[in-house]
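Commentary on secondary and tertiary structure
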Amino acid sequence: MTRLSVRKTYKLWIGGAFVRSESGRYDHALGRDGAHVANLPRASRKDVRDAVAAARKAFGPWAARTAYNRGQILYRAAEALESRAAELAARSVSRDEVDAAIDVLLHYAGWTDKIHPVLGGVNPVAAPFLSFSVPEPTGIVGVVAPDEPELLGLIAEVAPALAAGNVVVAILSEKWPLGGLDLGEVLGVSDVPGGVVNLLSGRRGELAQALGAHRDLNAILDAAGDAELSAELDRLGAETIKRVRHGRPAATYDEAVADSLSRLEAVTELKTAWHPVGA
Amino acid sequence: MIRRLPHVDRVGIEERAAMLGKRSIKTTAKQQGIRLAVSMLDLTTLEGADTPGKVRQLCAKAVCPAPTMPEIPSVAAICVYPALAGVARGALQGTGVRTASVATGFPSGQVGLDVKLRETEDAIAAGAEEIDMVISREAFLAGDDARVQEEIVRVKEACGDAHLKVIVETAELGSYDHVRHASMISMEAGADFVKTSTGKAATGATPGVCLVMLEAIRDYAERTGRIVGFKAAGGVSTSKAALHRLVLVKETLGDEWLTADRFRIGASSVLNDLLMQYAKTETGRYGRSEDFSKE
């Protein structure tokens, strides 16, 4: 007798919990050969709202951690991904891509305690003041992930945002969401606190619109490469006063790390203080 | 009255209360519900850190919760400690928003009757138009219903014209049977309102507790013809929860109870959520918490 295999049904990752979509909707996930390999939730606008609320709750404590501790946590996430690499490679993405994703995580784990000295510091001013600038995280960062490469392209946006102390609400590729959903399951057993990363699968147009329109989101990193969506995100970003950064999907490790500083700077705010020094 | 009331069907109550929370209230109905909920709010601040300045600021917010949305009405009342009742009354003069003060050794009620009466008199002298008293749970749980009732009667006398809301503190009563019984005692003793909780205990106005008390009010009104109001306080922190309480009241007591004379919601943080939800129905955009002032 042939065995009936049990197909996996993924869940959204919101606020550190794996949940069904509030709407109860599901889609089929197709493998590269077109076969029905798993089921996945189709998130709704309310799931976006819930994810942003969870992220807002997680932001304060995450930003308040020392840079060193955030680095440890990202390093640990890379470890967790490494130990599941074979599984991911068998199911969703190529082994090379998983390896590159791990390396990118590791790279930005190393950046956490270097952002402050590189971007901040004492400013030379021609007045009897001490003027210094401190980088602070922008807040809740929305990520619109590209279709290819689904995992590396996602990590290349998420990792710098986390390293700088932001929290993330990411919309996974609509076409190839499994890599991102697998990443959620990996992060779920790592030390990343609940709500710091939130992953939603579903229709990109519907979710990105809701994300862009949410006034409690502080920035959007758009790597989807969809001109129409980019324009819409620009418009919504202007209306709700958020930073919007469009970028090409990082196709290789080198592309994901080459412009590290500009990626980190995009999700960092500089706070400058002037201090009188007994002139 | 001896404790011989029929038992409350716990499972049935919770089932019905939960069912009444599942209605989909959208668009214009939601806007109307939010405006109604705001108009029935007892905007409350009961912190050790309350200052006259904070209370004055809260009063300004009570009168005009959202200057950018003028259709949002004033809240029903401001609820403070007796020491700040005078400040609140002064700030609310001529606005139609009433001044309520807690009294009688709030929140535990563990002081002598003379102190409770004195505190009530002081609050009223300072300008309170409504008194939120706590029942003596210590006496109630020991089975001394007579003392519970006697205290309410005496405080009611001390209140004079002021409205008396009696807090039964459901979280400390242990069962729905006790909640219903305590509500009945309070109404028999002359309460103008019965109120679920102080907001200082582990749980507050859960849907089940609200339904039990509303049914007690309905049964009491049918038996005696006297109208008693209901105040849900504690744990009502979201718009959804507030609208759920409105549905419970409407379905148990009917539309006549949906006025600030007969129904109140005691809360602090719910007001901003109501305003945020209202703004969302207008703009279609989810807001941020900084959109509305805390006080």
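These lines cover the structure that appears in this document, whether it is placed above or below.

Cut-offs used in this document
- Per chain, the residues get numbers from 1 upward, laid out in the order the sequence is written.
- Labels follow written order: the first chain is A, the first ligand is 1, and so on.
- At least 70 in pLDDT is required for a residue's local features to be given in this predicted model, at least 80 for side-chain atom pairs to be given and counted, and no such filter applies to totals for whole chains, interfaces and linings, which use all residues.
- To obtain the side-chain values, all non-hydrogen atoms of the structure were included, while hydrogens and water were left out.
- Strands pair, by our definition, only if DSSP identifies at least two bridges between them.
- Helix and strand assignments come from DSSP, with helices taken as H or I runs of at least 4 residues and strands as E runs of at least 2, each series counted from the N terminus.
- With axes taken as lines fitted to C-alpha atoms, and helix axes fitted only over the stretch in contact, angles between N-to-C directions fall between 0 and 180 degrees.
- Note on exposure labels: buried denotes an accessible area under 20% of the residue type's maximum, exposed denotes more than 50%, and partly exposed covers the range between, all computed with a 1.4 Å probe on protein chains only.
- Working rule for contacts: check all heavy atoms of both residues, and any pair within 4.5 Å makes them a contact.
- Two parts placed together each lose some accessible area under a 1.4 Å probe, and the buried area is that loss summed for both.
- For this document, the term salt bridge refers to a Lys or Arg side-chain nitrogen within 4 Å of an Asp or Glu carboxyl oxygen.
- Polar contact criterion, stated in full: a pair of N or O atoms within 3.5 Å, where within protein one must be able to donate a hydrogen and the other to accept it, and residues adjacent in sequence count only if both atoms are side-chain atoms.
- In summary, the charge assignment counts Lys and Arg as positive and Asp and Glu as negative, without counting His or the chain termini.
- Geometry of aromatic contacts follows a simple scheme: Phe, Tyr and Trp rings, the Trp one being its six-membered ring, pair when their centres are within 6.5 Å, and the pair is stacked under 30 degrees between planes, edge-to-face over 60, tilted otherwise.
- Residues belong to a common nonpolar core when they are buried Ala, Val, Leu, Ile, Met, Phe, Trp, Tyr or Cys residues joined through side-chain atoms within 4.5 Å.

Our next topic: the sheet that holds strand 6 (residues 121–123) of chain A. Residues and elements named next belong to chain A. Here we have 3 strands laid out as an open sheet, ordered 6-7-13, and antiparallel in their pairing. Pairing within the sheet leaves two strands with one partner each, and these edge strands are strand 6 and strand 13 (268–276). Taken pair by pair, the neighbouring strands of this sheet meet at an average axis angle of 30°, ignoring direction. Summarising the sheet, strand 6 and strand 7 (residues 129–137) pair through 3 bridges and their orientation is antiparallel. Note on strand 7: the bridge partner recorded for valine 122 is phenylalanine 132.

Let us look at the pairing of strand 5 (residues 163–167) of chain B. Both faces of the sheet carry side chains from a regular strand, because those side chains alternate between them. Residue and element names in this part refer to chain B. Within strand 5, 4 of the 5 residues are buried, leaving the element largely enclosed by the surrounding structure. The pairing of strand 4 (residues 130–134) with strand 5 spans 5 bridges and is classified as parallel. Following the sheet pairing, methionine 133 is matched in strand 5 by valine 166. Sheet topology places strand 5 next to strand 6 (residues 193–195); 3 bridges connect them, and they run parallel. Bridge pairing in strand 6 places isoleucine 167 opposite lysine 195.

Here the focus is the sheet that holds strand 1 (residues 8–9) of chain A. Each strand in a sheet pairs with another by means of backbone hydrogen bonds, the pair being arranged parallel or else antiparallel. All names here are of chain A. With mixed pairing, 3 strands are arranged side by side in an open sheet as 1-5-4. The sheet is open, and its two edges are formed by strand 1 and strand 4 (26–30), each paired on a single side. Taken together, the 2 bridges between strand 1 and strand 5 (residues 36–41) define a ladder with parallel strand orientation. Note on strand 5: the bridge partner recorded for lysine 8 is alanine 38.

Interfaces are frequently sized by the accessible area removed from exposure as the parts join. On the side of chain B, 7 residues touch chain A, which itself brings 12 residues to the contact. Interface area for chain A against chain B, summed over the two sides, is near 930 Å², with a carbon-plus-sulfur share of 38%. Our count for the chain A to chain B interface comes out at 2 salt bridges. For glutamate 239 of chain A, the salt bridge goes to arginine 285 of chain B, with nearest N and O atoms at 2.7 Å. At the junction of chain A and chain B, the tally comes to 5 residue pairs in polar contact (both at pLDDT 80 or more).

All names here are of chain B. Note on placement: aspartate 273 falls in helix 11 (residues 270–283). Despite being buried, aspartate 273 has no salt bridge partner; lysine 30 is the closest side chain of opposite charge, sitting 8.0 Å away. Not counting chain neighbours up to four residues away, the residues in contact with aspartate 273 comprise Ser237, Thr238 and Ser239.

Here we take up helix 8 (residues 204–213) of chain A. Because each turn of an α-helix spans 3.6 residues, side chains separated by three or four positions end up pointing in the same direction. All names here are of chain A. When you tally the buried positions in helix 8, you get 7 out of 10 residues, the bulk of the element. Listed in full, the buried residues belonging to helix 8 are Arg204, Leu207, Ala208, Ala210, Leu211, Gly212 and Ala213. Among the structural elements, helix 1 (45–64), strand 8 (140–144), strand 9 (167–171), strand 10 (197–200), strand 11 (219–222) and helix 9 (227–240) are those in contact with the buried residues of helix 8.

Residue and element names in this part refer to chain B. Per the stated rule, a full pass over the model turns up 4 aromatic pairs over all chains. Between tyrosine 81 and phenylalanine 106 the ring centres are 6.0 Å apart and the planes differ by 75°, which places this aromatic pair in the edge-to-face class. Of the two residues, tyrosine 81 is situated in the loop between strand 2 (77–80) and helix 4 (85–92) and phenylalanine 106 in the loop between strand 3 (98–102) and helix 5 (113–126); the sequence distance between them amounts to 25 residues. Accessibility expressed as a relative area gives 23% for tyrosine 81, which makes it partly exposed. Residue classification places phenylalanine 106 among the buried residues on the basis of a relative accessible area of 9%.

Put simply, glutamate 148 of chain A and proline 149 of chain A share a cis peptide bond, and its omega is -10°. Of note, proline 149 of chain A is situated in the loop between strand 8 and helix 6 (150–163). Of note, the bond from phenylalanine 106 of chain B into proline 107 of chain B is cis; its omega dihedral lies within 30 degrees of zero at 0°. Relative to the assigned elements, proline 107 of chain B resides in the loop between strand 3 and helix 5. One non-glycine residue, isoleucine 241 of chain A, lies in the positive phi region at around 55°. The exposed category is assigned to isoleucine 241 of chain A, whose relative accessible area is 68%. Positive phi, close to 40°, is recorded for threonine 27 of chain B, a residue that is not glycine. With respect to the helices, strands and loops of the structure, threonine 27 of chain B is situated in helix 2 (residues 27–39).

Counting 88 residues, the largest nonpolar core has Ile78 and Phe230 of chain B as the members making the most contacts within it. Listed in part, the 84 residues of the second largest apolar core include Ile14, Val104, Val141 and Leu162 of chain A.

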